[in-house]
Amino acid sequence: MPKYSLVVPIYNEEENIPEMYRRLSAVMDNLDRHSELILVNDGSRDRSLQLIRDLYRKDNRVCYLSFARNFGHQVAVSAGLQYARGEAVIVLDADLQDPPELIPYLIELWQQGFEVVYAQRRRRFQENWFKRFCAYTFYRVLNALTDTKIPPDTGDFCLMDRQVVDVLNSMPERDRYLRGLRAWVGFRQTAFLFDRDPRFAGEVKYTFRKSLALAINALVSFSKVPLRIATYLGLVAAAIALLMAILVFYWRVFYPGSPLTGYAAILIAIFFLGAVQLVCLGILGEYIGRIYEEVKGRPLYTLGEIGGFEKERTQNPR
Ligand code: UDP
Ligand code: MG
């Protein structure tokens, strides 16, 4: 049984895999105990899977899961966690933005008794101002709206103890915002500050759309405040409407011919109310859509291929 499991999600990373393997295996060679490297192919359309198979044949520490299509980063990591056998599980990206050489430091903190060691970015340099601005606002809004303290500027690069991984694996939910879930489980957690490197090669796989979806997921799965905001919006609209009614009545009686009684006023009121209702419906829809997804209870992913794990674990877990 390996002591350490390294989980790496991979989506179209053919340019990065050789270098990633070179640096990771150097780190693994120097660990104090046996380790396994779990490569999760998230439905790549380039040569990633072939490269993964080659590594699997060459190195018996390598095992892999290959999804039948692209299910997204969070699901890929979740699958890796379900299959990991180590006492400590380390999650890192395939593009070498999370330097593998830091793994021994994470392990050191784990040995000091921390069940979760998450890597936290000291600064974000190579990202453009727009991404930085979005990330900054997102983490602040998220923390204002949730009771779970989710540390800002952390990614999925972390080390988790077996106990934590078992808890995460037992969570049946499909919207897996892992950074949030990881904070939610509790245990002794600590940050490890690091500077995130630029991508080794290739394009970013997290498009703006995927990032936005992740952000909405995070907010909706960790907070019910948006629902309350819907209520408040409704109350504010009602208050404005009441005020207007009183004003109009007053003007009608005391200032005949007031301008506020024409079409414009009516149209504005209609649009305003329509907007409030649509926003509230949208918020409700986000939650109901999630209930629907959960109730359907489909498996989190479908496996096309698997290498290095015993047969009975190849069933698709929920
Ligand atoms: N990734 C994945 N599935 C996806 C998108 C990304 O498995 O649908 C993987 C990708 O191969 C990489 C990691 O997730 O190992 C992080 O992706 P990326 O570097 O594009 O995002 P960022 O660095 O902005 O977090
Ligand atoms: Mg990256």
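Residue numbers restart at each chain and count upward from 1, following the sequence in its written direction. Numbering of ligands from 1 and lettering of chains from A proceed in the order in which they are written. Local features in this predicted model are restricted to residues whose pLDDT is 70 or higher, and side-chain atom pairs enter the listing and the counts only when it is 80 or higher, whereas totals over whole chains, interfaces and linings include all residues.

This paragraph deals with the pairing of strand S3 (residues 62-67). Of all 6 residues that make up S3, 6 are buried, and the element is covered over most of its length. The exposure scheme places C-beta atoms from the backbone and then counts, for each residue, the other C-beta atoms within 10 Å of its own, assigning buried at 20 or more, exposed at 12 or fewer, and partly exposed in between. Numbering of helices and strands runs from the N terminus; a helix is a DSSP stretch of H or I covering at least four residues, while a strand is a stretch of E covering at least two. Residues Val-62, Tyr-64 and Ser-66 line one face of S3 and the alternating positions Cys-63, Leu-65 and Phe-67 line the opposite face, and both faces are buried. Relative to S3, strand S2 (residues 35-41) is paired through 5 bridges, and the arrangement is parallel. Directly across from Ile-38, in S3, lies its bridge partner Cys-63. The rule for pairing is simple: two strands pair if DSSP sees at least two bridges between them.

Near ligand 1 you find 16 residues, and of these Pro-9, Tyr-11, Asp-42, Ala-94 and Lys-205 are the closest. Going through the elements one at a time, strand S1 (4-10) and helix H3 (73-83) are the ones with two or more residues in the shell around ligand 1. The residue makeup of the shell around ligand 1, split by class, is 7 nonpolar, 4 polar and 5 charged. Using a C-beta atom placed from the backbone, a residue is described as near a molecule or strand when that atom lies within 6 Å of it. We call Asp, Glu, Lys and Arg charged. Ala, Val, Leu, Ile, Met, Phe, Trp, Tyr, Cys and Pro are nonpolar, and the rest, Gly among them, are polar.

Attention now goes to the pairing of strand S4 (residues 88-91). Covered by surrounding structure in S4 are Ala-88 and Ile-90 together with Val-89 and Val-91, the residues of both alternating faces. Alignment of S1 against S4, held across 4 bridges, turns out to be parallel. By the bridge assignment, Tyr-4 is partnered in S4 with Ala-88. The sheet contact formed by S4 and strand S6 (residues 154-161) spans 4 bridges and is antiparallel. Of the residues in S6, the one forming a bridge with Ile-90 is Leu-159.

Further remarks concern the nonpolar core. Core membership is restricted to buried Ala, Val, Leu, Ile, Met, Phe, Trp, Tyr and Cys residues, and these are joined into a nonpolar core through C-beta atoms within 7 Å. Within the largest apolar cluster, 60 residues are counted, with the highest numbers of intra-cluster contacts made by Val-7, Ile-38 and Ile-90. A pair of residues counts as a contact when their C-beta atoms, built from backbone coordinates, are within 7 Å of each other. If we ignore the near neighbours within four places in the chain, the residues touching Ile-38 are Ser-5, Leu-6, Val-7, Cys-63, Tyr-64, Leu-65, Gly-80, Tyr-83 and Ala-84.

Another point: helix H2 (residues 48-58). Of all the residues in H2, the buried ones are Ser-48, Leu-49, Leu-51, Ile-52 and Leu-55. One side of H2 holds all its buried residues, which, seen down the axis, span an arc of 160 degrees. Seen from the open side of H2, the exposed residues pointing more than 90 degrees away from its buried face are Gln-50, Arg-57 and Lys-58. By construction, the arc corresponds to the directions joining the helix axis to the C-beta atoms.

One non-glycine residue, Leu-96, lies in the positive phi region at around 65 degrees. Note on placement: Leu-96 falls in the loop between S4 and helix H4 (103-111). Backbone geometry at Asp-153 places phi at a positive 60 degrees, although glycine is not the residue there. Mapped onto the fold, Asp-153 is located in the loop between helix H5 (129-145) and S6.

The source of the domain bounds is an automatic or database domain assignment. Taken domain by domain, the protein chain comprises domain 1 (4-223 + 299-307) and domain 2 (225-296). Averaged C-alpha coordinates put domain 1 and domain 2 at centres separated by 43 Å. Counting residues at the interface gives 8 residues for domain 1, matched by 7 residues for domain 2. A per-element tally of the side of domain 1 that touches domain 2 places helix H8 (residues 208-222) first, with 3 residues. For the side of domain 1 that touches domain 2, the per-class residue count stands at 4 nonpolar, 1 polar and 3 charged.

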